[in-house]
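Here is what each chain is made of, one letter per residue.
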Amino acid sequence: MSSRRTSRQQSSGVPRISDDQIIQLVSKLRQLLPELRHSRRSDKVSASKVLQETCNYIRSLHREVEDLSDRLSELLSTIDADSPEAAIIRSLLM
Amino acid sequence: MSATTEQLERNFTHRFLTSLRRINSPDSKTTTTHAAGLVIRRRSLRIKRAAYSSMARAAGSHRAWTRALLSRARSQRRRQQHDVHRRRQGREMGRAGKLRGLVPGGSRMEMGQLLEETAHYVQCLAVQVRVMQAVADHFSSSSSM
């Protein structure tokens, strides 16, 4: 087994994770991504593709939070956020 | 939906709605018509921060990203900064540099931890968006009655 030396210093001194563990974690991540989730398991999707799709997905989620915050801000000026809370919680948990 | 996701959703929803109520309570700086747009913009920022903080609290402090997000929020409140996704310049980015910039605390993690934290962060973000969407839909249907 070759010892892999990192070209950069690990800041925490934690032992470097094995390649197998990385493969496992990357496939776990892949399951969460709407773009890649439905491809056949036998399809080889490269780790860098998974990372790229993850970045795209996170960015799109951040944008949605931004847009929804704008929308909620406009809506709050039209309603009283106090009263419907109980109804909201009920309907969200159905 | 798994039991833990359901619990997370409930926890987040409660905290987020509590924040919305606080944000919406009458302000001492009352709005004049010409400042309405600014009020809406400023409130949007508060709502956004409340959403991320509520999710970080709901998700729990055993995750590095939640601790990083909340400590960033605390230091932002002190310094009145608006930029939420400030990049760390000069730190070694290593592999997955873009991802490290997107996940709170990501620049400090080694690869295995980064991937684990990312998976959890993505799941929580999806819940956060789903709940915010449901709340917005509910408010729009209420106001159109």
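As the structure is a computational prediction, the values presented were derived from the model and not from experiment.

## With respect to the overall build of chain B
Part 1 of the argument: Across its full length, chain B holds five helices and zero strands.
Part 2 of the argument: Mapped from its N terminus to its C terminus, chain B presents α and β elements in the order α-α-α-α-α.
Part 3 of the argument: Out of the 145 residues in chain B, the part that is buried amounts to 48%.
Part 4 of the argument: Of all intrachain contacts in chain B linking residues separated by at least 6 positions in sequence, the fraction that spans at least 24 positions is 59%.

## Focus on the overall build of chain A
Part 1 of the argument: Looking only at helices and strands, chain A has three helices and zero strands in total.
Part 2 of the argument: Starting at the N terminus and ending at the C terminus, chain A contains elements arranged as α-α-α.
Part 3 of the argument: In chain A, which comprises 94 residues, the share counted as buried stands at 33%.
Part 4 of the argument: With the model as given, the accessible surface of chain A reaches about 6,600 Å², and the carbon-plus-sulfur share is 48%.

## Some remarks on the packing of aromatic side chains
Residue and element names in this part refer to chain B.
Part 1 of the argument: Counted according to the given criterion, the structure contains two aromatic pairs over all chains.
Part 2 of the argument: Here the aromatic rings of F12 and F16 are separated by 5.4 Å at their centres, their planes lie at 10 degrees, and the arrangement is stacked. Of this pair, F12 and F16 both sit in helix 1 (residues 3-24), four residues apart, which is roughly one turn of the helix. Residues F12 and F16 agree in their burial class; the two are buried.

## Structural notes on the packing of helix 2 (residues 36-59) of chain B against helix 3 (residues 64-79) of chain B
All names here are of chain B.
Part 1 of the argument: Contact geometry for helix 2 and helix 3: axes closest at 9 Å, N-to-C directions at 140 degrees. By the criterion of interaxial angle, the relationship of helix 2 to helix 3 is oblique. For the pair helix 2 and helix 3, the crossing hand works out as left-handed. Residues R49, Y52, S53, M55, A56, R57 and A59 of helix 2 touch helix 3, and the partners they reach there are W65, T66, L69, L70, A73 and Q76.
Part 2 of the argument: Residues that form the contact of helix 2 with helix 3 fall into these classes: eight nonpolar, three polar and two charged.

## Some words on the packing of helix 1 (residues 19-32) of chain A against helix 2 (residues 47-76) of chain A
Residue and element names in this part refer to chain A.
Part 1 of the argument: Running from N to C, helix 1 and helix 2 point in directions that differ by 40 degrees, and their axes come no closer than 10 Å. Comparing the axis directions of helix 1 and helix 2 gives the class oblique. In this structure, helix 1 crosses over helix 2, and the sense of that crossing is left-handed. Residues V26, L29, R30 and L32 of helix 1 pack against A47, V50, T54 and Y57 of helix 2.
Part 2 of the argument: Of the residues assigned to the contact of helix 1 with helix 2, the class counts are six nonpolar, one polar and one charged.

## Let's talk about the side chain of R63 of chain B
All names here are of chain B.
Part 1 of the argument: Of note, R63 is situated in the loop between helix 2 and helix 3.
Part 2 of the argument: The exposure class of R63 is buried, given its relative accessible area of 18%.
Part 3 of the argument: Once you skip the residues sitting within four places of it in the chain, R63 turns out to touch E116, E117 and H120.

## Digging into a positive patch on the surface
Residue and element names in this part refer to chain B.
Part 1 of the argument: Taken together, the side chains of R15, R57, R74, R77, R78 and R79 present a region of like positive charge at the surface.
Part 2 of the argument: In terms of residue count, the dominant contributor to the positive patch is helix 3 (four residues).
Part 3 of the argument: When you line up the elements, R78 lands in helix 3.
Part 4 of the argument: Residue R78 is classed as exposed on the basis of its relative accessible area, which comes to 67%.

What counts, and where the lines are drawn
Residues numbered from 1 in each chain as written. Chains lettered and ligands numbered in written order. Predicted model: local features only at pLDDT ≥ 70, side-chain atom pairs only at ≥ 80, totals over all residues. Heavy atoms only, no water. Helix = DSSP H or I, 4+ residues; strand = E, 2+ residues; numbered from the N terminus. Buried < 20%, exposed > 50% of the residue type's maximum accessible area, 1.4 Å probe, protein only. Contact = heavy atoms within 4.5 Å. Areas by Shrake-Rupley, 256 points an atom, 1.4 Å probe, with all protein chains shown as cover. Phe/Tyr/Trp six-rings, centres within 6.5 Å; stacked < 30°, edge-to-face > 60°. Axes fitted to C-alpha atoms, helices over the stretch in contact; angles between N-to-C directions. Parallel < 35°, antiparallel > 145°, perpendicular 65-115°, else oblique. Left-handed = near helix turned anticlockwise from the far one by under 90°. Nonpolar A, V, L, I, M, F, W, Y, C, P; charged D, E, K, R; others polar. Patch = residues over 30% accessible without salt bridge, like charges linked within 9 Å, V, L, I, M, F, W, Y side chains within 5 Å. Salt bridge = Lys/Arg side-chain N within 4 Å of Asp/Glu carboxyl O. Lys, Arg positive; Asp, Glu negative; His and termini not counted. Charge placed at Lys NZ, Arg CZ, Asp CG, Glu CD.

Everything listed here is a matter of geometry and, on its own, says nothing about what the molecule does.
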